[in-house]
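Each chain is listed here by its residues.
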Amino acid sequence: MSRLFGSVRSRATLGATLVVAVALVAAGTAVLLSLRSNLIGEAGTQAERSARAVASELAAGTAYSALSGLDGDAGPVRIVDEDGKLVAASEDLQRITGTATGEVTPRPSAPARGDDADDDGGDSDDGGDADDGGDDGDDSDGSGESLEPGEIGRGTTFNNGSATIDGDTEDYRFAAVEVETHDRGRLTVHAGAPLAAEHSAVDTSLTAMLIGLPLLLGVVAGVTWLVTGRALRPVEGIRREMAAITASEDLGRRVPEPATHDEIARLARTTNETLAALETSVERQRRFVADASHELRSPIASLRTQLEVAAAHPELLDLDGAVEDTVRLQHLAADLLLLARLDAGERPADAPVDLAALAREEAAGRTGVTVDAEPAEVTGSRGQLGRVLANLLDNAGRHARERVTVTVRREGAWAVLGVADDGDGVAEADRERIFERFVRLDAARSRDDGGAGLGLAIARDVAVRHGGTLTAGAAPSGGALFELRLPLARSG
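A brief report on the enclosed structure follows. Keep in mind that what you see is a predicted model, and the values were worked out from it rather than measured.

Let's shift gears to a negative patch on the surface. On the surface, a cluster of negative charge is contributed by Asp71, Asp73, Glu91, Asp92, Asp166, Asp168, Glu170 and Asp171. With respect to the helices and strands, Asp92 occurs in the loop between β2 (86-89) and β3 (93-97).

Okay, structure coming up:
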């Protein structure tokens, strides 16, 4: 179960179904309440119409026995006087709730014009199960108003209740209307309209919703499941391909990219870009290891040969050559260690460094090197920046004919350090390639003269780690010009 609902597809289906269910329940409840309110309002209008029709006859002086609304066909009608006594009621009315009293047997409070003699008697029946009030409370909007004889009150009071007529019991909406008569004082007419239509409509709608809601939710869940599965199909393809790449360790493979322009397509493209970058990085590491092994093999082999010769013939020991090979090996190991630290993302120190002072310090003792520098303070590792300048000076010294010039200047927010020589320069096509590791432009040049080809690669990596750049160009004298640009240290 946890695995089932742990998938995006299952959670999306469940979430969509729950949202639709809540929306349908809320909408259905609103529809039922609106339908009930409208039907009750219609029943109230009908009851008010019946009550005002009877009130109009009473205002005209019609006798109780001659009232047209007391036949019981249009619903229960009760007429009470201002003392609350029942003076007239519908035929066959046996029980009633929801009006002022539960009386069903009339007992007139005063003789009425045109009434039969039989209408002046009868014991009061208080209806022992009288219900004072209705379901919806009192909606009165004008009871107790001042009326002239023959005038009908404008206000109407509504209540819900029930009535039994000739053995049939139903729920009704009652309307109470006051009328001021000429000879019988103020009377209140209670007329009811059946709520059977409201109950039937609400019950039918509720049943339809209870049946239709699960079916609709099933359709929503099914459609969401299918649509989500179709949308996530490319993701599964990406996952399978990534699993295959991991198992085969073949970084040359790529995940399928869907033809759409949505988030999944962008995910696939980003994944392929990551794989390409990873492939490039791994290939670079392999070349680095191979080149490093090759570079280490030469001094180690030379040193071993000299030691073996010395062991057999001590008089032939080339001590200076052994020292030189050992120094070359030491420098190469230091370069490889620094490159490894740079590749690992080691952050440089956050110390102020004056490039002008650093340039003078590194140029001291070097033949043919002149310095023209203005103060320019940057932030970083003094040791690493000194290594950059030393590598640039070593490179310039190997190619210069007579002189090397070091300049330091400020350009806006940047400090620019330049190292120029008067040699043959670097061809434009090779000005980027020389920053690759273990690259030597002069294939005939010996390793003793040219080094391992790591100096410029290290210099550029250090420059990038310090937020700057290192580029190669042409010097005014015709030789090579290397420019190191670093952001100036923030003052304060």
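Here the focus is the environment of Asp71. Looking at where Asp71 falls in the secondary structure, it is placed in the loop between α1 (8-59) and β1 (77-81). Judged by its relative accessible area of 34%, Asp71 is partly exposed. Taking the C-alpha atoms as reference, Asp71 lies 9.1 Å from Ala89; in sequence the two are 18 residues apart.

Read across the sheet, 5 strands follow the order β8-β10-β11-β13-β12 without closing on themselves; strand pairing throughout is mixed. Each edge of the sheet is formed by a strand with only one pairing partner; in this case those strands are β8 (369-373) and β12 (469-474). Taken pair by pair, the neighbouring strands of this sheet meet at an average axis angle of 15 degrees, ignoring direction. Pairing of β12 with strand β13 (residues 480-487), which is carried by 6 bridges, proceeds in the antiparallel orientation.

Helix α8 (residues 455-465) packs onto helix α6 (residues 382-399) with a crossing angle of 145 degrees between their chain directions and a minimal axis gap of 9 Å. Regarding α6 and α8, the two cross each other, and that crossing is left-handed. Seen from α6, the contacting residues are Gln384, Leu385, Arg387, Val388, Asn391, Leu392 and Asn395; seen from α8, they are Gly455, Leu456, Ile458, Ala459 and Val462. The residue makeup of the contact of α6 with α8, split by class, is 7 nonpolar, 4 polar and 1 charged.

This next bit is on the packing of aromatic side chains. Inspection of the entire model under this criterion finds 2 aromatic pairs. Each ring, one from Tyr172 and one from Phe174, has its centre 6.1 Å from the other, and the planes form 40 degrees; the classification is tilted. Accessibility assignment for this pair places Tyr172 and Phe174 in one class, buried. On the numbers, 6.2 Å between centres and 85 degrees between planes, the contact of Phe435 with Phe482 is edge-to-face. A residue pair is termed long-range when its members are at least 10 positions apart, and Phe435 in the loop between β11 (414-421) and α7 (447-450) and Phe482 in strand β13 qualify at 47 residues. Exposure remark for Phe435: the relative accessible area of 8% places this residue in the buried category. Looking at Arg184, its charged tip hangs above the ring of Tyr64, at a distance of 4.7 Å from the centre. The residue whose ring lies beneath Arg460 is Phe435, and the NZ or CZ to ring-centre distance is 3.9 Å.

Rules behind the numbers
Residues numbered from 1 in each chain as written. Predicted model: local features only at pLDDT ≥ 70, side-chain atom pairs only at ≥ 80, totals over all residues. Heavy atoms only, no water. Patch = residues over 30% accessible without salt bridge, like charges linked within 9 Å, V, L, I, M, F, W, Y side chains within 5 Å. Areas by Shrake-Rupley, 256 points an atom, 1.4 Å probe, with all protein chains shown as cover. Salt bridge = Lys/Arg side-chain N within 4 Å of Asp/Glu carboxyl O. Lys, Arg positive; Asp, Glu negative; His and termini not counted. Charge placed at Lys NZ, Arg CZ, Asp CG, Glu CD. Helix = DSSP H or I, 4+ residues; strand = E, 2+ residues; numbered from the N terminus. Buried < 20%, exposed > 50% of the residue type's maximum accessible area, 1.4 Å probe, protein only. Pairing = 2+ DSSP bridges. Axes fitted to C-alpha atoms, helices over the stretch in contact; angles between N-to-C directions. Left-handed = near helix turned anticlockwise from the far one by under 90°. Contact = heavy atoms within 4.5 Å. Nonpolar A, V, L, I, M, F, W, Y, C, P; charged D, E, K, R; others polar. Phe/Tyr/Trp six-rings, centres within 6.5 Å; stacked < 30°, edge-to-face > 60°. Lys NZ or Arg CZ within 6 Å of the ring centre and 35° of its normal.

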